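Architecture and fold: a report
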Amino acid sequence: MSLISSFWNRFIEKLEKNKENNPVMYPLLKYAKPIKLTEDKIIISVDSPGAQEFLEKRSKEIDAALFDHSQKRIEVEFIIRIPSKKSITPPLLSFEPSIEDVFVKSGLNKKYNFDNFAVSTSNQVAYAASQAVVKNLGSAYNPLFLYGGVGVGKTHIAQSIAKKILEADKNKRVYFCPGDNFTNELIESIREKATSRFRKKYRYLNLLIIDDIQFIAGKNAVQEEFFHTFNAIASSGGQIILTSDRPPSAIKNLEDRLHSRFLGGLTVDIQPPDFELRSAILLIKAKEKGIDIDIEAVKVIAERITDCRGLEGTLLSVYAKILGTKEKIDLEAVELFFSQNNGEKKKRINPSEVIKTVCSFYNIKQSHLKSPSRVASIAFYRQIAMYLLEKELGLTLIEVAEMLNRKDHTTALHAKQKIGNLILRDPNLKKEIDIITQSLFQST
Ligand code: ADP
Ligand code: MG
């Protein structure tokens, strides 16, 4: 520390002891800056003319304090700090957000980008469409509607598009929003009477992604707001990307005008990954996590685990098993893992997860499912939950009835038979139940 700063700092420390007596002067001096110290003079810079004037009026007092401090007569002079160009530039530069900050602000997760996205037959159309959207934001396909079952990579692709756009120009206004967040945020803003803030946030975007758009169905105020958000963005040249676990036509309680908007761009489905793609994804995930794995071991996992989320989960579980004993995952480790874990899958899921998953799929409240309500739609979803509890978890009919607050187990028996029969006749229902089951067993 320079002589002048140490002199000044010690002086300030001394004043601090007495600061109650100088409630204005002390803080002004504390934030002032010593510029020059000679035998008999000290020049101090302050931020404002007001501070300068205030301190000048008390210069006698300050001179006395300086004498007390140094046993020398030192006269004080105050000048106003003129911010030089140089001193302005660095802070401004450091306020400029980094690309990572921009990603976070845009709702993006650092995990996902196109570099770690594998392309194969099941997702190549979606991949090509996403590249077209990146190249012609707002003009190629609006909206881009991506749908497919759990874990096929919808979120991964959507986030990768957002990153590409920001990497090319980080001033682009991009926002990635999970569907239920959009809903919750809107409801909150209505309650707080802050809808104009909500609109300002959403309507001027260059790119809005709503992930899992099916969550807005059935909620009138939310659909209304989304309709206007959509129009505002699209009409000013912005891009909308939507993802869903089902095609627009299968989203129940979706307003017609939204349905037709959704179909107004490009709708692409992503199929479950084939064996090659699953192997590629495993290799990518292993590399990212620094896990060494034999190709033979990769093949066995990719053969047995058919959903993407399960792949990563299994990779980590096998890795946890070999830690401390082996350097890399080999065929033997994988086979041992599967022989030990066979059949454990169903036991791991608990009944409340089944209820939660059914409710979130059909967008209804758990309390409704468990209530005495006999409204037809609620009763139907309740039967689906009962069917799954019995079939997938092996609960007894009495246990199933109890889980849903039914007094009589014959309700559960009726549900089991009815849904079991319906599935055989109604391929749409079968598909829905498959999606629910798949998301139940995915390991995340
Ligand atoms: P979805 O949103 O369709 O449910 P996600 O995008 O969350 O699926 O993907 C689930 C997991 O699988 C993520 O870890 C994701 O990185 C991975 N994944 C899915 N598809 C691919 C792919 N083609 N290449 C690399 N990773 C993938
Ligand atoms: Mg997703």
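Here, every reference points to the structure presented above.
A short tour of the structure in this document, coming up. (Residues numbered from 1 in each chain as written. Chains lettered and ligands numbered in written order. Predicted model: local features only at pLDDT ≥ 70, side-chain atom pairs only at ≥ 80, totals over all residues. Heavy atoms only, no water.)

A closer look at the sheet that holds strand β1 (residues 33–37)
Convention followed: By definition, two strands form a pair when at least two bridges between them are found by DSSP. Runs of H or I in DSSP of at least four residues are treated as helices and runs of E of at least two as strands, each being numbered from the N terminus. Here an axis means a line fitted to C-alpha atoms, over the contact stretch when the element is a helix, while the angle between two N-to-C directions is reported on a 0 to 180 degree scale. Contact criterion: two residues are considered in contact whenever any of their non-hydrogen atoms come within 4.5 Å of each other.
Ordered in space as β1-β2-β3, the three strands form an open sheet in which the pairing is mixed. Strands with a single pairing partner mark the edges of an open sheet, and in this sheet they are β1 and β3 (75–80). Strand after strand, the sheet turns through a mean of 30° between neighbouring axes, direction not considered. With six bridges joining them, strand β2 (residues 41–46) and β3 adopt parallel strand pairing. The residue bridging S45 from the neighbouring strand is I79, located in β3. Relative to the sheet, helix α1 (residues 3–16) contacts β1 and β2, its axis offset from that of β1 by approximately 125°. Contacts from helix α4 (residues 59–70) reach β2 and β3 within the one sheet, and its direction differs from that of β3 by about 125°.

What to know about the packing of aromatic side chains
The line we're drawing: Pairing of aromatic side chains requires ring centres within 6.5 Å, counting the rings of Phe and Tyr and the six-membered ring of Trp. Pairs whose planes differ by under 30 degrees are stacked, by over 60 edge-to-face, and all others tilted. Residue exposure (1.4 Å probe, protein chains only): buried if accessible area is under 20% of the type maximum, exposed if over 50%, otherwise partly exposed. For a Lys NZ or an Arg CZ to count as sitting over a ring, it must be within 6 Å of the ring centre and within 35 degrees of the ring normal.
With the rule as written, the count across this model stands at 15 aromatic pairs. With 6.1 Å between their ring centres and 80° between their planes, F226 and F230 make a pair best called edge-to-face. One end of the pair, F226, and the other, F230, are both in helix α11 (residues 220–235), four residues apart, so they sit about a helical turn from each other. Owing to a relative accessible area of 5%, F230 belongs among the buried residues under this scheme. Cation over ring: R73 sits above F67, and NZ or CZ is 5.1 Å from the ring centre. It is R304 that lies over the ring of F338; its NZ or CZ is 4.2 Å from the centre.

Describing helix α23 (residues 427–441)
The condition is simple: To estimate how far a helix should reach, multiply one less than its number of residues by 1.5 Å. Distance and chemistry together define a polar contact, namely a pair of N or O atoms within 3.5 Å, with one atom able to donate a hydrogen and the other to accept it when in protein, and with adjacent residues in sequence counting only for side-chain atoms on both sides.
The end-to-end C-alpha distance of α23 is 21 Å, a good match for the 21 Å that 15 residues give at a rise of 1.5 Å each. Measuring from the side-chain oxygen of the N-cap residue of α23 to the backbone nitrogen of N428 gives 2.9 Å; that N-cap residue is D426.

Notes on the pairing of β1
Strand direction decides the pairing type here: β1 and β2, joined by four bridges, are antiparallel. Bridge assignment links L37 to a residue of β2, and that residue is I42.

As for the environment of V102
Position of V102 relative to the elements: it lies in helix α6 (residues 99–105). Filtering out sequence-adjacent residues up to four positions away, V102 remains in contact with P97, L166 and K170.

Concerning the sheet that holds strand β6 (residues 207–211)
Here we have five strands laid out as an open sheet, ordered β5-β6-β7-β4-β8, and parallel in their pairing. Two strands lie at the open edges of the sheet, namely β5 (174–178) and β8 (266–269), each paired on one side alone. Averaged over all neighbouring strand pairs, the angle between strand axes comes to 15°, with direction disregarded. Both β6 and strand β7 (residues 239–244) contribute to a ladder of four bridges, which runs parallel.

With respect to the pairing of β5
Taking burial as the measure, the five residues of β5 include four buried ones, the bulk of the element. Pairing of β5 with β6, which is carried by five bridges, proceeds in the parallel orientation. Looking across to β6, one finds that P178 is bridged to D211.

With respect to unusual backbone geometry
Along the chain, N142 connects to P143 via a cis peptide bond; the corresponding omega equals 0°. For N363, which is not glycine, the phi dihedral falls at a positive 65°. With respect to the helices, strands and loops of the structure, N363 is situated in the loop between α18 (351–362) and α19 (366–370). Phi angles above zero are rare outside glycine, and N405 is one such case at about 60°. Considering the arrangement of structural elements, one finds N405 in the loop between α21 (397–403) and α22 (409–425).

Overview of the side chain of E432
Structurally, E432 is set in helix α23. Here the side chain of E432 touches K252 through a polar contact of 3.0 Å, side chain to side chain. Ignoring anything within four residues of it in the chain, the contact list for E432 reads K252, F361 and Y362.

Observations concerning the layout of surface pockets
Selection rule: Only protein atoms enter the 1 Å grid, on which a cavity is a set of points fitting a 1.4 Å probe that cannot get out and a pocket is an open set with protein on both sides within 12 Å along at least 5 of 7 lines, lining residues being those with an atom within 4 Å of a point. Grid points are joined across faces, edges and corners, and a volume is the space filled by probe spheres set on the points. Polar here means any residue other than Ala, Val, Leu, Ile, Met, Phe, Trp, Tyr, Cys and Pro, which are nonpolar, and Asp, Glu, Lys and Arg, which are charged; Gly is therefore polar.
When its volume is computed, the second largest pocket comes out at roughly 570 Å³. Around the second largest pocket, the lining is made up of 23 residues, and of these A217, K219, Y362, N363 and I364 lie nearest the centre. Going through the elements one at a time, α9 (179–191), α18 and α20 (376–393) are the ones with two or more residues in the lining of the second largest pocket. Looking at the lining of the second largest pocket residue by residue, the classes come out as nine nonpolar, nine polar and five charged.

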